[in-house]
Amino acid sequence: MKKLLLVSLLLQAAYFAAPLQAEDNVSYSQLLAQLSVPAADIAPEPSYSKSTLPGADEGRYWVTVLAADKHARTRLLEAGMDIVEISKDRVSGFAGPYTMAQLSSKAFTLVSKVPASALAGGYNKDFPSADSAYHNYKETTDLLNSLAAKNSDIASVFSIGKTTEGRDIWCLRINSSAKGTAPSSKPGAFFLGNIHAREHLANEVPLLLAAWLMDHRNDADVKKYISTLDIYIVPMGNPDGVEYDVKSGSYQYYRKNMSVNSDKSRGVDLNRNFDSWWCESGASTYPNSDTYCGPKAFSEPESQAIKRFFEARRNIKTHISYHSYASEILYPWGGNEADVPNAKDKQAFVKIAGEMAKLTGYESLKSSDMYIATGDSCDWAYAATGVLAFTFELEGRGFYPGAAIINGAADRNIKAAVYLLSVTDNPYKNI
Ligand code: 0X9
Ligand code: ZN
């Protein structure tokens, strides 16, 4: 543990010594060099030992509950449980007071509970928020701007909209003939990250994809994609939640956005707020729960921004929304057990997800086979615009796996993203 703390401090020192400014080198390899630590130093599983460190939520528990199948998991989501880990006959995750009351009913079997305060304390002594190997909102913004400034012939940055707290949601666009919000008829690919706040690896992967594409812009295949496609990267889809999660000095395990709800609780689950079977299975109507679907579909500025973004760009053919963690590549439907009705689309989903699974070592499956959850961004994007939309559950154990995981995760997922670019001109060509 001490060794991890030392590595973390060294990384912070190196990072603060050379903050990324617009004029700095922002190559992919240099970014990795800033992040790399030996594999042996990858964070272990969370320690659940009792701690009195501050920053914990009153009445919030890390629980393990019996759940034999996806239907049982769906019922738990509806009880407001924030499912984090799934195993054969049980799940683990967070439960607030409302969910705890429901878990005590006969309908559920609670196996264990640990106060969230103990979990947060156990984790954060090794990974305080000052662990700047990960990019916070400002660093993400600066890096996107630096990449665009250094590659101004093919890259531009624009805001897709503002968050609840007024932050811009930034997008890097890569297109050899169109900048900013100018329309393009080239087939588009859209990479979105981190709509769940605490899933910080889901910001790093698309951010590093952007840096890698700029580094490799003269490779024959990348050059072709840059000249023939319209590529959009929004690495941080929920910046308010991200900032809240890291700003207090200890991680908050925060998932939602920062809207103030009718009962004064905070946050709507953005991946339950899209208009796809909104707030039916696998979502909670209770505002203080982690799976709260919001007062209505698209009630949130962040989900509205993503909706407007898709609707204004009907040239977008492929999409990944990055989450963590399960090492899975998911395709629609997630809110319904059925397969998508269009046989050709289904074949393309299975084929493309399968290829990306080979490149990452992840497992590909229909989203609802994990659990049924409605209001899902990818379900909506596919239903509303026809885009082939994939949810990536990146690798790792825990939401705060440390810097050492970034290198390998980026490497694997860049391969998958480049594969997606290779089929974006015609996603049906290899089926
Ligand atoms: O529950 C979610 O929103 C996603 N998992 S996460 O741990 N990142 O929160 C999974 C989304 C997959 N979609 C459905 N099963 N509908
Ligand atoms: Zn997520």
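Read on for a plain summary of the structure. (Residues numbered from 1 in each chain as written. Chains lettered and ligands numbered in written order. Predicted model: local features only at pLDDT ≥ 70, side-chain atom pairs only at ≥ 80, totals over all residues. Heavy atoms only, no water.)

### Comments concerning the environment of Pro401
Moving on, step 1. For Pro401, the position within the fold is in the loop between strand S12 (388–394) and helix H13 (404–424).
Moving on, step 2. Assessed through its relative accessible area of 4%, Pro401 is described here as buried.
Moving on, step 3. Sequence separation between Pro401 and His200 is 201 residues, and the spatial gap between their C-alpha atoms is 9.3 Å. (Helix = DSSP H or I, 4+ residues; strand = E, 2+ residues; numbered from the N terminus. Buried < 20%, exposed > 50% of the residue type's maximum accessible area, 1.4 Å probe, protein only.)

### Things to note about the coordination of the zinc ion (ligand 2)
Moving on, step 1. Every protein donor of the zinc ion (ligand 2) is listed here as His196 (ND1), Glu199 (OE), Glu199 (OE) and His323 (ND1), and their distances to the metal cover 2.0 to 2.4 Å.
Moving on, step 2. Within one chain, the residues donating to the zinc ion (ligand 2) are spaced in sequence as H-x2-E-x123-H. The same class applies to His196 as to Glu199, namely buried. (Donors = N, O, S within 2.8 Å, 3.2 Å for Na, K, Ca; no water.)

### Comments concerning the site of ligand 1
Moving on, step 1. For ligand 1, the set of nearby residues contains 15 residues, the closest of which are Arg255, Asn271, Tyr371, Asp376 and Glu393.
Moving on, step 2. Between ligand 1 and the protein, one listed contact pairs an oxygen atom with a side-chain N or O atom of Asn271 at 2.9 Å.
Moving on, step 3. Tyr371 places a side-chain nitrogen or oxygen 2.5 Å from an oxygen atom of ligand 1.
Moving on, step 4. Using a 2 Å cut-off from the grid points, one finds that ligand 1 occupies the largest pocket. (Near = heavy atom within 4 Å. Polar contact = N/O pair within 3.5 Å; in protein donor to acceptor, adjacent residues only side chain to side chain. 1 Å grid on protein atoms, 1.4 Å probe; cavity = no way out; pocket = protein on both sides within 12 Å on 5 of 7 lines; lining within 4 Å. Sits in = over half its atoms within 2 Å of the grid points.)

### A word on the packing of helix H10 (residues 301–312) against helix H12 (residues 377–385)
Moving on, step 1. Contact geometry for H10 and H12: axes closest at 11 Å, N-to-C directions at 30°. With respect to H12, the element H10 is oriented roughly parallel. Relative to H12, H10 is oriented so that their crossing is right-handed. Across from Lys307, Phe310 and Glu311 in H10, the residues of H12 making contact are Trp380, Ala381 and Thr385.
Moving on, step 2. Of the residues assigned to the contact of H10 with H12, the class counts are 3 nonpolar, 1 polar and 2 charged. (Axes fitted to C-alpha atoms, helices over the stretch in contact; angles between N-to-C directions. Parallel < 35°, antiparallel > 145°, perpendicular 65-115°, else oblique. Left-handed = near helix turned anticlockwise from the far one by under 90°. Contact = heavy atoms within 4.5 Å. Nonpolar A, V, L, I, M, F, W, Y, C, P; charged D, E, K, R; others polar.)

### Observations regarding the sheet that holds strand S10 (residues 328–331)
Moving on, step 1. Sheet architecture is open: 8 strands sit in the order S5-S6-S8-S7-S9-S12-S10-S11, paired in mixed fashion. Since the sheet does not close on itself, it has two edges, and those belong to strand S5 (155–162) and strand S11 (363–366), each with one partner. Here the average twist between neighbouring strands, direction ignored, is 20°.
Moving on, step 2. Direction of pairing for strand S9 (residues 316–324) relative to S12: parallel, over a ladder of 7 bridges. Looking at S12, one finds that Ser321 is bridged to Thr391. (Pairing = 2+ DSSP bridges.)

### A few points about the packing of aromatic side chains
Moving on, step 1. Going through the model one piece at a time under the given rule, you end up with 22 aromatic pairs.
Moving on, step 2. On the numbers, 3.8 Å between centres and 10° between planes, the contact of Tyr251 with Tyr400 is stacked. Residue Tyr251 is found in the loop between helix H9 (239–247) and H10, and its partner Tyr400 is found in the loop between S12 and H13; the two are separated by 149 residues along the sequence. Tyr400 shares its class with Tyr251; the two are buried.
Moving on, step 3. Taking 5.0 Å as the distance between ring centres and 85° as the angle between the ring planes, the aromatic pair formed by Tyr253 and Tyr400 counts as edge-to-face. Linking Tyr253 in the loop between H9 and H10 with Tyr400 in the loop between S12 and H13, this pair joins segments that are 147 residues apart in sequence.
Moving on, step 4. Residue classification places Tyr400 among the buried positions, given a relative accessible area of 2%.
Moving on, step 5. Its guanidinium or amino end placed over the ring of Tyr137, Arg167 lies 6.0 Å from that ring's centre, counting from NZ or CZ. (Phe/Tyr/Trp six-rings, centres within 6.5 Å; stacked < 30°, edge-to-face > 60°. Lys NZ or Arg CZ within 6 Å of the ring centre and 35° of its normal.)

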